[in-house]
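A closer look at the structure
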Protein chains: 2
Amino acid sequence: MDIELVLVKYARLVDHFILEHLSGTPESLYQAALHLVKAGGKRLRPAIAMLVARMLGGIEAESRALPLAAAIEVSHTFTLIHDDIMDRDDYRRGVPTVHKLWGESWAILAGDLLHAYAYKFIVSSVDHGLSKGEAHEAMKVLTTAGIKVSRGQAYDLLFEKTLDVTVADYLDMVYHKTGAMMEASAKLGAVAARAESEVVELLGQYGSLLGVAFQVRDDYLGMFGDPEKTGKPIYSDLRRGKKTLLAIYALSKLKGEEREFLVKLLDPNTPKSLEDLERGAMLVKESGAVDEALRLSRVYADRAKEILLSLRNVVNEDAREALLVLTEYAITRDR
Amino acid sequence: MDIELVLVKYARLVDHFILEHLSGTPESLYQAALHLVKAGGKRLRPAIAMLVARMLGGIEAESRALPLAAAIEVSHTFTLIHDDIMDRDDYRRGVPTVHKLWGESWAILAGDLLHAYAYKFIVSSVDHGLSKGEAHEAMKVLTTAGIKVSRGQAYDLLFEKTLDVTVADYLDMVYHKTGAMMEASAKLGAVAARAESEVVELLGQYGSLLGVAFQVRDDYLGMFGDPEKTGKPIYSDLRRGKKTLLAIYALSKLKGEEREFLVKLLDPNTPKSLEDLERGAMLVKESGAVDEALRLSRVYADRAKEILLSLRNVVNEDAREALLVLTEYAITRDR
């Protein structure tokens, strides 16, 4: 199964929904809000929602899940726009970020607009076959995730300023920052499929494990990926002093002058040449941190797969298979 | 009736709800989010929601309205925090703004957090006596308002850069920026009272008329109010080139050198001394713009009152009376 083709299929459906329902004035505000949507992206979150719905409830559930999948995607996009302001990132998905093109005020507003639309899309799910009770469940899921994402980003920023970040701290931060939205994606799919609450919770666990595994791969790609494929500048995390799993592991393994070099490099205030950053990445690799990080992402992905395999009452085995492949993709992808 | 005492009563109830339900980590993020809540404020929006609920459904409806009133207040606070970043305002409610104290990233995140909590509070209304269908109605009201507020703020910023703003443009901008949230406040109160949809719509009209009237007074206080009472620096709108109703009227009345002076003053890039700003305010007053603006706010407030007086099936006349007084207060207040 070519998972990228599956993702493209769902991307088309979800993008169509978003573009159809997201228009208004002033036009430049809507252009700014849709900029990153139009720039592409993997659409992993909506695909999770749609596939979970299909797996548990067949194609009717999948079509009910569409507004929820769109809600997750615009909510994710809103966080990207705001995070890019805070992290001063200039590129995303291969294009300049929203604040680079339209300025900060427009980026703040475009994010706020998408945030409100995410909830509006959930409200609109009653026009796509969900009951008001089910829409209420979906709303509960998205508000819970929305709060966690803000908290996770806050921890991410706080960790820039300290070396005192353990693997447990990292996992908690990453669960909030990335896991919570994938948890919500899977739960929303289960809600659309009218799954029992225990099954909704189980799918939530699947999503949060997948999210953490995904983020560890993201950290890896940020240091060793091909910017042409990731669409993001390389070494951005190192520049900002982000406490990625790679950085945390490397700090715990390196000694003496090498550790001191990395400590200094991770200070956001240290001016850094490309040579410094390349040496930092090399030290990280030589410390064994890459192997350890990828091993941990494997553990999380395997636990996520076990949950998928444990499910009874699956009505569509192809969708289960696609989710298994998607989970593997999350930790092996190059983009 | 002392309307300020009524407002204090509802402020206590709503603040208690907000502070009880809004806690978490990292602590500094929650402190930033609650900073403007703790700084006070009139709490006009939650009072409107609570009074409308009481007017149409008695004290039981009022107690059902509490989470909705809290949702409106935190949603309003979120927009204040983000607007202050965009407008580079240093003071609000007599205290330094959130981005001044915690920096921009924290202000963006604190706003996003409150935005998510607003929807969470609506979700929680089912624990306070609303049905899931009623909570769904409330959610529809708040998402609609949330989208309008972002659009209104966008127009407000766009208008800074042009002199080509008509009174109609202003009224449309202000309806989105301020009217929509007051419309939502009144509608949420009506939803909590289980009013019929025509009555909900009528109360929405009341709120939007009140909102526009309120904003015109706000423009006036920004130029001629006492900063000790308003809690905001004076002439902030003039400095930023905001197209307030006062500025639009004055531009249409003034001629020759006086008009040129005001045009130049309204260019955000023109450096301005306090003397310049005082002369600008004097020209605005002498042009007759103040009288015209206050006359228009009177027209809107009177139309809002007529809606209140037209209502049948009012179960609590004291609440109607309080809303009438509150409407008058909105256009005569000094703070």
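Below: a short report on this structure. (Residues numbered from 1 in each chain as written. Chains lettered and ligands numbered in written order. Predicted model: local features only at pLDDT ≥ 70, side-chain atom pairs only at ≥ 80, totals over all residues.)

**What about the overall build of chain A?**
Check the secondary structure of chain A and you find 15 helices and two strands. By the compact-globule yardstick of 20 Å for 335 residues, chain A fits well, its C-alpha radius of gyration being 20 Å. Relative to its 335 residues, chain A shows a buried fraction of 54%. If you take every contact in chain A between residues at least 6 apart in sequence, the share linking residues at least 24 apart comes to 75%. (Helix = DSSP H or I, 4+ residues; strand = E, 2+ residues; numbered from the N terminus. Rg over C-alpha atoms; globule rule 2.2 N^0.38 Å. Buried ≥ 20, exposed ≤ 12 C-beta atoms within 10 Å, placed from the backbone. Contact = placed C-beta atoms within 7 Å.)

**A look at the relation of the copies chain B and chain A**
Overlaying chain B on chain A yields an RMSD of 0.0 Å, the required transformation being a rotation through 180 degrees with an accompanying axial translation of 0.0 Å. Within this description, the copies of the chain are treated as partners about a two-fold rotation axis. The share of interface residues of chain B whose copies in chain A are also at the interface is 100%, consistent with both copies meeting through the same surface. (Least-squares fit on C-alpha atoms with pLDDT ≥ 70 in both.)

**Re helix H11 (residues 245-253) of chain A**
Taken as a whole, H11 of chain A has its buried residues at Leu245, Leu246, Ala247, Ile248, Tyr249 and Ala250 of chain A. On its buried face, H11 of chain A is in contact with helix H7 (167-192), helix H8 (197-224), helix H12 (256-265), helix H13 (274-286) and helix H14 (289-310) of chain A.

**Quick word on the packing of helix H3 (residues 44-86) of chain A against helix H5 (residues 104-124) of chain A**
In helix packing, the relevant descriptors are the interaxial angle and the interaxial distance, both defined with respect to the helix axes. Residues and elements named next belong to chain A. Interaxial distance between H3 and H5 falls to 8 Å at its minimum, and their mutual angle equals 165 degrees. Judged on the interaxial angle alone, H5 and H3 are roughly antiparallel. Viewed along their axes, H3 and H5 form a crossing whose handedness is left-handed. Of the residues in H5, those in contact with Pro67, Leu68, Ala70, Ala71, Val74, Ser75, Thr77, Phe78, Ile81, His82 and Ile85 of H3 are Glu104, Ala107, Ile108, Ala110, Gly111, Leu114, His115, Tyr117, Ala118, Phe121, Ile122 and Ser124. Taken together, the residues of the contact of H3 with H5 break down into 16 nonpolar, six polar and one charged. (Axes fitted to C-alpha atoms, helices over the stretch in contact; angles between N-to-C directions. Parallel < 35°, antiparallel > 145°, perpendicular 65-115°, else oblique. Left-handed = near helix turned anticlockwise from the far one by under 90°. Nonpolar A, V, L, I, M, F, W, Y, C, P; charged D, E, K, R; others polar.)

**Quick notes on the environment of Glu104 of chain A**
Residues and elements named next belong to chain A. Tracing the backbone through its elements, the reader meets Glu104 in helix H5. Measuring from C-alpha to C-alpha, the distance between Glu104 and Asp84 comes to 10.0 Å, with 20 residues separating the pair along the chain. When near neighbours in sequence (up to four residues on either side) are disregarded, Glu104 contacts Ile85 and His99.

**Points about the interface of chain B and chain A**
Taken residue by residue, the interface counts 35 residues in chain B and 35 residues in chain A. Sorting the residues of the side of chain B that touches chain A by element identifies helix H3 (44-87), helix H5 (104-124) and helix H6 (132-159) of chain B as the ones contributing at least two each. Counting residues per element, the side of chain B that touches chain A draws most heavily on H6 of chain B, which supplies 16 residues. Its residues assigned to classes, the side of chain B that touches chain A shows 19 nonpolar, eleven polar and five charged.

**Let's talk about the environment of Ala250 of chain A**
Residues and elements named next belong to chain A. In this structure, Ala250 sits in helix H11. Distance from Ala250 to Ala281, taken between C-alpha atoms, is 9.8 Å for residues 31 residues apart in sequence. Ignoring any residue separated from it by four or fewer positions in sequence, one finds Ala250 in contact with Leu262, Leu283, Val284, Ser287 and Ala289.

**Some details on the packing of H8 of chain A against helix H15 (residues 317-332) of chain A**
Residue and element names in this part refer to chain A. With their axes 7 Å apart at the nearest point, H8 and H15 run at an angle of 30 degrees to one another. In terms of their interaxial angle, H8 and H15 are classed as roughly parallel. Along its contact with H8, which presents Leu210, Ala213, Phe214 and Arg217, the element H15 presents Thr327, Ala330 and Ile331. In the contact of H8 with H15, the residues fall into five nonpolar, one polar and one charged.

**Here's the deal with unusual backbone geometry**
Note the cis peptide between Thr25 of chain A and Pro26 of chain A, where omega equals -5 degrees. Structurally, Pro26 of chain A is set in the loop between helix H1 (3-21) and helix H2 (27-38). One non-glycine residue, Arg93 of chain B, lies in positive phi territory at about 50 degrees. By the element assignment, Arg93 of chain B lies in the loop between strand E1 (91-92) and strand E2 (95-96). In this structure Arg93 of chain B comes out as partly exposed when scored by C-beta crowding, with 19 C-beta atoms within 10 Å. Positive phi outside glycine occurs at Tyr235 of chain B, with the angle close to 65 degrees. By the secondary structure assignment, Tyr235 of chain B is in the loop between helix H9 (227-230) and helix H10 (236-240).

**Side note on H3 of chain B**
Residue and element names in this part refer to chain B. With 44 residues, H3 extends only 22 Å from end C-alpha to end C-alpha; this falls clearly short of the ideal 64 Å at 1.5 Å per step. In H3, a bend of some 145 degrees at Gly57 exceeds every other bend along the element. In terms of burial, H3 is largely enclosed, as 38 of its 44 residues are buried. One or two steps after H3, the chain reaches Arg88, where phi turns positive at roughly 50 degrees. (Expected span 1.5 Å × (residues − 1). Bend = angle between axes of the 7 residues up to and from the residue.)

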